[in-house]
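As a plain string of letters, each chain reads:
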Amino acid sequence: MKNSKLKKLAVVVSGWHFPYGFYEVMSKQHIPRGWVVDFFVVSHRDPSHATMPKFEDSKRGELDKKLYTKIATVEDMERLGFTYKEYPNTIGDWGNSNQWLDDNDYKKYDLFLFTHDDNLLLRYDMFKVVCEEMFKENWLILTNTVGVPAGSLRGSFEFFKKEMITLMGGKFDLSQTLLDRTGKKDNPSDWVELYDWNTTVYPLTNLLTKKKLWERVITFSPIYRVSLFVIEGERGLISNSQTNN
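Residues numbered from 1 in each chain as written. Predicted model: local features only at pLDDT ≥ 70, side-chain atom pairs only at ≥ 80, totals over all residues. Heavy atoms only, no water.

### Topic: the overall build of the protein
When its secondary structure is counted, the protein shows seven helices and nine strands. Taking 2.2 N^0.38 as the reference for a compact globule, 245 residues should give roughly 18 Å; the C-alpha atoms of the protein span a radius of gyration of 17 Å, in line with that estimate. Taking the principal axes of its C-alpha atoms as reference, the protein extends roughly 55 × 40 × 35 Å. At a minimum sequence separation of 6, the contacts of the protein that also span at least 24 residues come to 81%. When the accessible surface of the protein is split by element, carbon and sulfur atoms take 52% of a total near 12,000 Å². Here the protein carries 33 positive and 33 negative side-chain charges, and the mean point of each set is 6 Å from the other. (Helix = DSSP H or I, 4+ residues; strand = E, 2+ residues; numbered from the N terminus. Rg over C-alpha atoms; globule rule 2.2 N^0.38 Å. Contact = heavy atoms within 4.5 Å. Areas by Shrake-Rupley, 256 points an atom, 1.4 Å probe, with all protein chains shown as cover. Lys, Arg positive; Asp, Glu negative; His and termini not counted. Charge placed at Lys NZ, Arg CZ, Asp CG, Glu CD.)

In structure tokens, the structure reads:
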């Protein structure tokens, strides 16, 4: 009996903080049976502009130490199997995803993982669970956790099936977002400076509502930023996340 055609997963990472722990554990995820996984970094600045953080003396600080064993270089990422490309620092989050979609034929893939790089991966079997066990289910988007407000999907850690990308017209609608940071390579000291990028979630939210697709959006966990698979950082650090997590 002939083997069925292999399915393909594209892992599309928004490269900004470059904690080596993220890239190392992502590259070591167990490849599911019947699947091929391609890894990409959509970078908005050279890793030389990223710096090692100061670690809190706390449980969150200990987790940050696991994430930031060092700053990953371009050579590190390529050695780990990522295709690295630097793009203009226009709009973050879904803007990174759009830059990848502009450069690649999404129809060649069955599944996509859009993720930030300041996430602590807790297990090595995530792809096997998603692709071998969960892919057959009738969802369109699998997000790590509920957003704030609930349902806000911002590209921090979401799996998208190809059908969802097609329903979106092949890219994310960023028409409501005004902030463009082209040429900037710094981390803003004032968090309010990036608030406009929160508007990237609205068109997708509206599309899911208009097409009555919310029942096909599922989560790993009901707890904000924390699941059995991933603890998401905020602005680069787990210690920046909300204390009620």
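Right, picking up where we left off after that structure.
### Thoughts on the nonpolar core
One finds Leu 9, Tyr 23, Met 26, Phe 127 and Phe 159 to be the most contacted residues of the largest nonpolar core, which totals 43 residues. Phe 40, Trp 94, Ile 165 and Phe 172 belong to the second-largest nonpolar core, a separate cluster that totals 29 residues. (Core = buried A, V, L, I, M, F, W, Y, C linked by side-chain atoms within 4.5 Å. Buried < 20%, exposed > 50% of the residue type's maximum accessible area, 1.4 Å probe, protein only.)

### A look at the packing of aromatic side chains
Throughout the structure, instances matching the rule amount to 21 aromatic pairs. Seen from their ring centres, Phe 18 and Tyr 23 are 6.4 Å apart, and the 15° between their planes marks the pair as stacked. When its relative accessible area of 0% is taken as the criterion, Phe 18 is described as buried. On the basis of relative accessibility, which here comes to 0%, the residue Tyr 23 falls in the buried class. Judged by centre distance (6.0 Å) and plane angle (70°), the ring pair of Trp 100 and Phe 112 falls under edge-to-face. One end of the pair, Trp 100, is in helix α4 (residues 94–103); the other, Phe 112, is in strand β4 (residues 111–116), and 12 residues separate them in sequence. The residue whose ring lies beneath Lys 161 is Trp 139, and the NZ or CZ to ring-centre distance is 4.6 Å. (Phe/Tyr/Trp six-rings, centres within 6.5 Å; stacked < 30°, edge-to-face > 60°. Lys NZ or Arg CZ within 6 Å of the ring centre and 35° of its normal.)

### Focus on the sheet that holds strand β8 (residues 217–221)
Taken in spatial order, the seven strands line up as β3-β2-β1-β4-β7-β6-β8 in an open sheet, and their pairing is mixed. Across the chains shown, the open sheet's two edge strands, defined by having one partner strand only, are β3 (82–86) and β8. Strand after strand, the sheet turns through a mean of 20° between neighbouring axes, direction not considered. Pairing of strand β2 (residues 35–43) with β3 involves five bridges; the strand directions are parallel. Bridging from a neighbouring strand, Phe 40 pairs with Thr 83 of β3. (Pairing = 2+ DSSP bridges. Axes fitted to C-alpha atoms, helices over the stretch in contact; angles between N-to-C directions.)

### Re the environment of Thr 51
Residue position: Thr 51 is located in the loop between β2 and α2 (59–67). Residue Thr 51 is classed as exposed on the basis of its relative accessible area of 61%. For the pair Thr 51 and His 17, spaced 34 residues apart in sequence, the C-alpha separation works out to 7.9 Å.

### Concerning helix α7 (residues 202–210)
Within α7, the full set of buried residues consists of Pro 203, Leu 204, Leu 207 and Leu 208. Within α7, the buried residues cover an arc of 135° as seen down the axis, which keeps them to one side. Check the buried side of α7 and you find it contacts α4, β6 (141–145), β7 (157–161), α6 (162–167) and β8. Where α7 terminates, the next one or two residues include Lys 212, which has phi positive at roughly 55°. (Arc of directions from axis to C-beta.)

### Things to note about the side chain of Ser 241
Within the element layout of this structure, Ser 241 appears in the segment after β9 (230–232). Among the polar contacts made by the side chain of Ser 241, one reaches the side chain of Arg 60 at a distance of 3.2 Å. A distance of 2.6 Å separates a polar atom in the side chain of Ser 241 from the backbone oxygen of Ile 238. Apart from the residues within four sequence positions on either side, Ser 241 is in contact with Arg 60, Arg 225 and Glu 234. (Polar contact = N/O pair within 3.5 Å; in protein donor to acceptor, adjacent residues only side chain to side chain.)

### Focus: the pairing of β2
Of all nine residues in β2, seven are buried; the element is thus mostly enclosed. Inspection of the sheet shows strand β1 (residues 7–15) paired to β2 by nine bridges, in the parallel sense. Pairing of Ala 10 across the sheet is with Asp 38, part of β2. Crossover β1 to β2 through helix α1 (residues 20–27) is right-handed. (Right-handed = clockwise from strand over helix to strand, strands pointing away.)

### Brief notes about the pairing of β7
Taken across its five residues, β7 has five buried, putting it largely inside the fold. The pairing of β4 with β7 spans five bridges and is antiparallel. Note that in β7 the partner of Phe 114 across the bridge is Glu 158. Sheet analysis places β6 next to β7, joined by three bridges and oriented antiparallel. Paired with Leu 142 across the two strands is Phe 159, which belongs to β7.

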